[in-house]
Amino acid sequence: MKATVTAHSAFTVAPIDDRIYGAFLEHLGRAIYTGIYEPDHKTADKNGMRGDVAELVKDLNVPMVRYPGGNFVSAYNWEDGIGPKDDRPVRLDLAWHTSESNQVGIHEFADWCETVGTDMMLAVNLGSRGLDAARNFVEYVNHPGGSYWSDLRIKNGRKDPWNVKLWCLGNEMDGPWQVGHKDAEEYGKLANETAKAIRAFDKSLELVVCGSSHSNMPTYPDWEATVLEHTYDVVDYISLHMYFANRENDTQEYLAQSHKLDAYIGTVAGVIQYVKAKKRSKKDIYISFDEWNVWYHSNKQDRKILDGNDGWPHAPALLEDIYNFEDVLQVGCILNTFIRRADVVKIACIAQLVNVIAPIMTEEDGRAWRQSIYYPLLFASQFGRGTALDLSIDSPTYETKIAGEVPYLDVAGVHNNDDGTVSFFLVNRHPDEALDATIDLQAFGSPSIIEHRMMSHADLKATNSADNPDNVVPMDGSGAQVQGNKLTVNAGPHAYHMLRVSV
Ligand code: AHR
């Protein structure tokens, strides 16, 4: 099977916003407790944060982390997580039917972000609470001092404000499962008023309004239109979420789901344009895809806790999907989609980062290890920075129920002008045929290969584990060559490749 790709330095999509390599941490399961925070762990720092986990996060070079939820935020009192730890209340978390000890709050999370070198993206509670709690939280976090909330922060040990730029106006407010769920009119009005109050404090802050939790939601895409009609002038991004699953055990259909993602982005980009035109506005709004990942492996095992049959456990193992090689291909295609849509997707967060549907797992009192999906994320974050190329792609296709005709070759290209490289991320979706891809690099001068890494596995369902952490890992690629201005690569069936050429 053959495919051809043409990459030209003058044909670009847009500069890639580094924040598409963001992540998400929620007070859910073991993401925080025994994930990033475990005071008795042998690698814990003075704040109780695990050093082994921090190292794996640092390697991913995550630009920012969304916090503290997720569904959790819709019934969360941020004040519960400040002040002396012994005085913090234990609360029932209605979102996940667990107990929340509040031993980690904004101070501990902010310190951890400084340790791992990432920015915060904070969400306010627009479910059980509203404008008042939101504006107090923003003042606590961002005001230098001399006001009630900022002085309380200083009293609690943090002199300088954290100056958090990105704020989410609630989470998945279209979802009936959300504590304090609202319809689009109610939410649009509340988000608008909350955004106005936050802007009155600091108009330079960037605000993210909730879009749909999934493109299968019955309210999609009316939800986006209504919410944006209320908030267009005061927000900067609309948030979308999507999770991927192979419940039917049909790999070819599963790998076509990124085309549904592409259509979802395209539709919401259209809704943004529609509201912009309706408002005669000159302002642009972009997409914050602040929850995405594969999520289904753990569904059955979670039922007991989620149905409340286990009482109110603290930090139980919830949403602990163990990812396989097939998921590597899926995550590769998802990241490629974000790169190809760099003109409208400016923020994206893998959901989540540690233990909960995550690339990094921990054993309590034991080791931290990388899941299979850690690697496509690592490669994209390391080498997917620069300008997204508008590739011309000619690939054989196959027919799917979910997305019609889908190409066997999924590819994204990124030109990094600073270091003079072009990186390609390729997935061969074909189950049993190799793909000969020829990439025409004419406009890039004399290219030469500087790195070729790949992932493949005889068993699509192969996973890593604490005892066997290197079962699904990248290896050096071979056989790629440059002849003249043409780069050729042979990708075996169901394989992921990352190629970097200097240009
Ligand atoms: O990431 C897990 C959950 O998925 C989040 O809490 C929620 O926002 C979404 O439904």
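Here the structure is a predicted model, which is why all the values come from computation and not from measurement. (Residues numbered from 1 in each chain as written. Predicted model: local features only at pLDDT ≥ 70, side-chain atom pairs only at ≥ 80, totals over all residues. Heavy atoms only, no water.)

Draft legend 1. Structural detail: the sheet that holds strand β4 (residues 64–67). The strand order around the closed barrel built from eight strands is β3-β4-β7-β8-β9-β10-β11-β12, with neighbouring strands paired in parallel fashion. Each adjacent strand pair in this sheet contributes to an overall mean axis angle of 30°, direction not counted. Two elements, β4 and strand β7 (residues 119–124), share four bridges in a ladder whose sense is parallel. The residue of β7 that forms the bridge with Arg 66 is Met 121. Those strands touched by helix α2 (residues 106–116) are β4 and β7, and its axis lies near 155° from that of β7. (Pairing = 2+ DSSP bridges. Helix = DSSP H or I, 4+ residues; strand = E, 2+ residues; numbered from the N terminus. Axes fitted to C-alpha atoms, helices over the stretch in contact; angles between N-to-C directions. Contact = heavy atoms within 4.5 Å.)

Draft legend 2. Expanded view of the packing of helix α6 (residues 222–231) against helix α8 (residues 257–278). At a closest axis distance of 9 Å, the pairing of α6 and α8 adopts a crossing angle of 35°. For the pair α6 and α8, the crossing hand works out as right-handed. When α6 is examined against α8, the residues Glu 224, Ala 225, Leu 228 and Glu 229 are found in contact with a partner set consisting of Val 268, Val 271, Ile 272, Tyr 274, Val 275 and Lys 278. (Left-handed = near helix turned anticlockwise from the far one by under 90°.)

Draft legend 3. Geometry of the site of the ligand. Close to the ligand lie 13 residues; Glu 26, Asn 71, Glu 172, Tyr 243 and Glu 291 are nearest. Between an oxygen atom of the ligand and a side-chain N or O atom of Tyr 243, the distance comes to 2.8 Å. Isolated, the ligand exposes 280 Å² of accessible area, and the fraction of that covered by the protein chains is 96%. Looking at the shell around the ligand, its residues break down into six nonpolar, four polar and three charged. (Near = heavy atom within 4 Å. Polar contact = N/O pair within 3.5 Å; in protein donor to acceptor, adjacent residues only side chain to side chain. Areas by Shrake-Rupley, 256 points an atom, 1.4 Å probe, with all protein chains shown as cover. Nonpolar A, V, L, I, M, F, W, Y, C, P; charged D, E, K, R; others polar.)

Draft legend 4. Spatial organisation of the domain arrangement of the protein. What the domain assignment reports for the protein is domain 1 (2–9 + 389–502) and domain 2 (19–383). Relative to domain 2, the C-alpha centre of domain 1 lies at a distance of 30 Å. Contact with domain 1, which involves 42 residues of that partner, is made by 34 residues of domain 2. At the boundary of domain 1 with domain 2, total buried surface from both sides reaches about 3200 Å², with 65% on carbon and sulfur atoms. Here domain 1 is connected to domain 2 by two salt bridges. Across the salt bridge formed by Lys 461 and Glu 326, the nearest N and O atoms sit 3.1 Å from each other. Secondary-structure elements contributing two or more residues to the side of domain 1 that touches domain 2 are β17 (397–400), β18 (404–407), β19 (409–416), β20 (421–428), β22 (448–455) and β26 (495–502). It is β19 that provides the largest number of residues to the side of domain 1 that touches domain 2, a total of five residues. Grouping the constituent residues of the side of domain 1 that touches domain 2 by class yields 23 nonpolar, nine polar and ten charged. (Domains from an automatic or database assignment. Buried area = accessible area lost by both parts, 1.4 Å probe. Salt bridge = Lys/Arg side-chain N within 4 Å of Asp/Glu carboxyl O.)

Draft legend 5. Spotlight on helix α3 (residues 131–142). Compared with the 16 Å implied by 1.5 Å per residue over twelve residues, the 16 Å span of α3 between its first and last C-alpha is a close match. When you tally the buried positions in α3, you get nine out of twelve residues, the bulk of the element. (Expected span 1.5 Å × (residues − 1). Buried < 20%, exposed > 50% of the residue type's maximum accessible area, 1.4 Å probe, protein only.)

Draft legend 6. View of the environment of Ser 101. Summarising the element assignment, Ser 101 is placed in the loop between β6 (98–100) and α2. For Ser 101, a relative accessible area of 13% translates into the label buried. For the pair formed by Ser 101 and Asp 151, sequence separation is 50 residues and the distance between their alpha carbons is 24 Å. The contact partners of Ser 101, leaving out residues within four places of it in the chain, are Tyr 33, Arg 88, Pro 89, Val 90 and His 314.

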